[in-house]
Amino acid sequence: MRFTDPQVILFVGDCERAARFYAAFGFAETFRSPDDAPVKIEMAMGGFALGLALPGPAAESHGLSPVTTGDRACLTLWTDDVEAAYGLAVDAGGTARRAPHPFRDGILSVAFVDDPDGHPVQLVQRVR
């Protein structure tokens, strides 16, 4: 037995809106179903796969009970410019949550935004 191609799925209110947000960071679409009004879009960046799925079809098809509010997951993106990444995230439709700030005695600079569906996205830069 072996396992391959892990993926994290975020439940979203609008797959295309969520895909546009994550595309701003460099995620590339690899799959969508159906082509018009998708209930799931898959994206990838640097070997990491991200699924964006509507909660209703997941509940109906698979018997899941998707949680759609609160901090259900946190996606972390490392960057070489946390200030610019924070601005990009807000411009792409994210909501400012915590501006860039020093963390771990200044070794890192960290910021948080919420994606359009309220999932926290942590942006991290190594400072020294």
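- Naming follows an unreviewed UniProt entry, where the protein chain appears as VOC family protein of Demequina lignilytica.

1. Side note on the sheet that holds strand 8 (residues 120-126)
Right, on to step 1. Ordered by their spatial adjacency, four strands build an open sheet running 5-8-7-6, and the pairing between neighbours is mixed. The open sheet is flanked by strand 5 (75-78) and strand 6 (95-103), the only strands paired with a single partner. Neighbour to neighbour, the strand axes of the sheet diverge by 20° on average, direction disregarded.
Right, on to step 2. Two strands pair when backbone bridges link them, and strand 5 and strand 8 are joined in this way by four bridges, in the parallel orientation. Its bridge partner being in strand 8, Leu75 is matched across the sheet by Val121.

2. Quick look at the pattern of salt bridges
Right, on to step 1. According to the stated counting rule, one finds six salt bridges in the structure shown.
Right, on to step 2. A salt bridge links Asp71 to Arg97; its shortest N-O distance comes to 2.8 Å. In this pair, Asp71 sits in the loop between helix 2 (55-62) and strand 5 while Arg97 sits in strand 6, placing the two residues 26 residues apart along the sequence.
Right, on to step 3. Exposure remark for Asp71: the relative accessible area of 53% places this residue in the exposed category.
Right, on to step 4. Among the residues examined, Arg97 registers a relative accessible area of 40% and is labelled partly exposed.
Right, on to step 5. In this structure, the salt-bridge partner of Asp114 is Arg97, at a minimum N-O distance of 2.9 Å. Note that Asp114 is positioned in strand 7 (residues 108-114) and Arg97 in strand 6, a separation of 17 residues in sequence.
Right, on to step 6. Each of Glu16, Glu29 and Arg32 takes part in one network of salt bridges that share partners.

3. Examining the nonpolar core
Inside soluble globular proteins, nonpolar side chains tend to come together where they are buried.
Right, on to step 1. Residues Tyr22, Phe25, Phe27, Leu52 and Leu123 are the most contacted members of the largest nonpolar core, which totals 23 residues.
Right, on to step 2. At the level of elements, helix 1 (15-23), strand 3 (40-45), strand 4 (48-53), strand 5, helix 3 (82-91), strand 7 and strand 8 are the ones that each hand at least two residues to this core.
Right, on to step 3. Broken down by element, the residue count for this core peaks at five residues, all from helix 1.
Right, on to step 4. The residues touching Phe27, leaving out its near neighbours within four places in the chain, are Tyr22, Met43, Ala44, Met45, Phe48, Leu50, Leu75 and Leu77.

4. Notes on the packing of aromatic side chains
Right, on to step 1. Enumeration according to the criterion identifies four aromatic pairs in this entry.
Right, on to step 2. Pairing Tyr22 with Phe27 gives two aromatic rings, centres 5.8 Å apart and planes at 85°, and the pair type is edge-to-face. Across the pair, Phe27 and Tyr22 agree in class, each one buried.
Right, on to step 3. For the ring pair Phe27 and Phe48, a centre distance of 6.3 Å and an interplane angle of 70° mean the geometry is edge-to-face. Here Phe27, found in the loop between helix 1 and strand 2 (28-33), pairs with Phe48, found in strand 4; they are 21 residues apart in sequence, far enough to count as distant.
Right, on to step 4. Phe48 gets classed as partly exposed once you look at its relative accessible area, which sits at 32%.
Right, on to step 5. Aromatic ring contacts, followed pair by pair, group Phe21, Tyr22, Phe25, Phe27 and Phe48 into a single cluster.
Right, on to step 6. The lysine or arginine in question, Arg126, covers the ring of Trp78, its NZ or CZ lying 4.3 Å from the ring centre.

Procedures and definitions
- Residues numbered from 1 in each chain as written.
- Predicted model: local features only at pLDDT ≥ 70, side-chain atom pairs only at ≥ 80, totals over all residues.
- Heavy atoms only, no water.
- Pairing = 2+ DSSP bridges.
- Helix = DSSP H or I, 4+ residues; strand = E, 2+ residues; numbered from the N terminus.
- Axes fitted to C-alpha atoms, helices over the stretch in contact; angles between N-to-C directions.
- Salt bridge = Lys/Arg side-chain N within 4 Å of Asp/Glu carboxyl O.
- Buried < 20%, exposed > 50% of the residue type's maximum accessible area, 1.4 Å probe, protein only.
- Core = buried A, V, L, I, M, F, W, Y, C linked by side-chain atoms within 4.5 Å.
- Contact = heavy atoms within 4.5 Å.
- Phe/Tyr/Trp six-rings, centres within 6.5 Å; stacked < 30°, edge-to-face > 60°.
- Lys NZ or Arg CZ within 6 Å of the ring centre and 35° of its normal.

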